[in-house]
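# Remarks on the overall topology
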Amino acid sequence: MSRRASTLVISNSADVHVDGIVPRLRDRGITVFRLDVDAFPRDYVLSYGGIDGVHDTLEHTPTGAVIALREVGSVWTRKTADFAFRCALAGQERAFARMEAEHALFGMLAALDCLWVNHPAASRAAMWKGEQLRRASRHGFATPATIITNRPDDVVRFKAAAGGDIVYKPLSASDLGASEVPADERVVGLMPTTIVDDDAQALMAAVAELPCLFQAYVAKQYEVRATVIGDRVFAARLDSQDDERTRIDSRDMRAPIRYAAIELEPALACACVALVASYGLAFGAIDLIVTPEGDVVFLEVNPAGQFLYVQQLVPELDMAGALADLLVKGCHG
């Protein structure tokens with residue numbers, strides 16, 4: 001094994017995905033250093049640069065764990081969070097402290113020359129839904145007719161031209177920003193994909209306040225979650241039409257819909273890998289629809305998509321093992 005036998009994991013303290021992967025890495029002889037952004041810089045000390053840079057390190061002060069950056073062979077980034085500081089800060093003080101912490105941390109990490117799953121710059125480039133749809137089309141995927149606009153009349157015309165139902169989807173976060181504010185400031189929870197019926201059209205004037213995404217509704221036979229890890233694809237069939245609660249949006253986990261492992265057609269699997277790789281990503285969760293006629297329609301790709309819940313429902317899809325193998329491969333060069 002080379003000297004770069006360490007994996008740096010960046011997420012937050014509530015991320016159960018990290019809890020599931022770290023033991024697998026340690027079982028493979030990899031040193032793991034976990035950086036929870038919601039405890040940085042309060043519980044961490046970083047030092048990099050200087051005269052020769054050979055002492056570039058991160059330390060977790062509560063445990064005394066230290067990682068030398070020259071030993072990092074792979075980095076796994078999951079979910080970010082707000083920073084934590086030792087002193088109570090407010091207003092401009094806190095805003096400045098957050099900016100300085102972000103620059104210090106990610107300025108150091110971005111310089112790491114190793115395997116990234118995924119590099120923050122690549123993940124950010126892959127997050128824009130409008131661009132995703134056009135890129136997916138260039139990779140051979142069918143996509144729903146889509147409009148992003150803050151002109152209400154355009155939405156009315158789009159619905160008329162669609163010749164059927166259209167849906168509204170949040171562009172950024174399905175929780176409508178709830179995770180970005182304190183609990184006592186949250187007013188709504190999850191916003192599912194929503195049919196824009198005649199009653200909803202009465203709200204079209206609100207579109208003028210903020211650009212919104214609308215799509216022609218695509219009838220479903222079933223849905224597919226295709227998780228790309230390196231050059232491997234793990235595909236699960238979701239029978240979302242079995243329950244009224246998941247007919248429009250399959251994310252209602254109260255509904256006991258069936259999940260099953262499936263093999264994608266080779267050309268489709270290759271297209272999934274190529275799309276994820278085109279962003280410079282090593283991981284991506286792709287959502288697809290299979291229509292009643294058997295056509296495959298692309299919905300979106302998430303560079304930090306959830307996968308453990310799928311593995312729990314379909315244990316033969318060992319995505320945790322595949323991710324651990326990929327991170328270990330980076331450590332072995």
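## Let's talk about the side chain of Asp-252
Tracing the sequence through the fold places Asp-252 in the loop between β13 (232-238) and β14 (259-262). At a separation of 2.6 Å, a polar atom in the side chain of Asp-252 contacts the side chain of Arg-254. Residues within four places of Asp-252 in sequence aside, it is in contact with Arg-245 and Thr-246.

## Considerations on the packing of aromatic side chains
A full pass over the atoms with the stated rule returns seven aromatic pairs. Residues Tyr-259 and Tyr-309 carry aromatic rings whose centres are separated by 6.3 Å and whose planes lie at 85° to one another, so their mutual orientation is edge-to-face. Of this pair, Tyr-259 sits in strand β14 while Tyr-309 is found in helix α8 (residues 308-313), placing the two residues 50 residues apart along the sequence. Under the relative-accessibility criterion, Tyr-259 is labelled buried at 13%. Ring geometry for Phe-283 against Phe-307: centres 5.7 Å apart, planes inclined by 55°, an arrangement best described as tilted. With a gap of 24 residues between them, Phe-283 in strand β15 (residues 283-290) and Phe-307 in the loop between β16 (296-302) and α8 connect regions that are remote in the sequence. The same class applies to Phe-283 and to Phe-307, which are both buried.

## Let's talk about the pairing of strand β2 (residues 31-36)
In terms of strand pairing, strand β1 (residues 6-11) meets β2 through six bridges, oriented parallel. Across the sheet, the residue bridging to Ser-6 is Thr-31, located in β2. Tracing the backbone out of β1, into helix α1 (residues 16-27) and back to the parallel element β2 gives a crossover that is right-handed.

## Thoughts on the sheet that holds strand β3 (residues 44-47)
Pairing is antiparallel in the open sheet, where three strands are placed in the order β3-β4-β5. Two strands close off the open sheet at either side, each with one partner strand: β3 and β5 (65-68). Across the sheet, the mean angle from the axis of one strand to that of its neighbour is 10°, orientation sign disregarded. Taken together, the four bridges between β3 and strand β4 (residues 57-60) define a ladder with antiparallel strand orientation. For Val-45, the partnering residue across the bridge sits in β4 and is Glu-59.

## With respect to the sheet that holds strand β12 (residues 222-229)
What the five strands build is an open sheet, ordered β14-β13-β12-β15-β16; its pairing is antiparallel. Looking along the sheet, the strands with just one partner apiece sit at the ends: β14 and β16. Here the average twist between neighbouring strands, direction ignored, is 25°. Packed onto the sheet, helix α9 (residues 319-331) meets β12 and β13 and runs at close to 25° relative to β12.

## Structural notes on α9
Look at α9: 19 Å from first C-alpha to last across 13 residues, which is about the 18 Å you get at 1.5 Å a residue. Burial analysis of α9 places eleven of its 13 residues in the buried class, which makes it a mostly covered element. Every buried residue of α9 is accounted for by Met-319, Ala-320, Gly-321, Ala-322, Leu-323, Ala-324, Leu-326, Leu-327, Val-328, Gly-330 and Cys-331. Put simply, Asp-318 is the residue that caps the front of α9, since its side-chain oxygen is 3.0 Å from the backbone nitrogen of Gly-321. Of the residues flanking the end of α9, it is Gly-333, one or two places downstream, whose phi is positive at about 75°.

Rules and cut-offs
Residues numbered from 1 in each chain as written. Predicted model: local features only at pLDDT ≥ 70, side-chain atom pairs only at ≥ 80, totals over all residues. Heavy atoms only, no water. Helix = DSSP H or I, 4+ residues; strand = E, 2+ residues; numbered from the N terminus. Polar contact = N/O pair within 3.5 Å; in protein donor to acceptor, adjacent residues only side chain to side chain. Contact = heavy atoms within 4.5 Å. Phe/Tyr/Trp six-rings, centres within 6.5 Å; stacked < 30°, edge-to-face > 60°. Buried < 20%, exposed > 50% of the residue type's maximum accessible area, 1.4 Å probe, protein only. Pairing = 2+ DSSP bridges. Right-handed = clockwise from strand over helix to strand, strands pointing away. Axes fitted to C-alpha atoms, helices over the stretch in contact; angles between N-to-C directions. Expected span 1.5 Å × (residues − 1).

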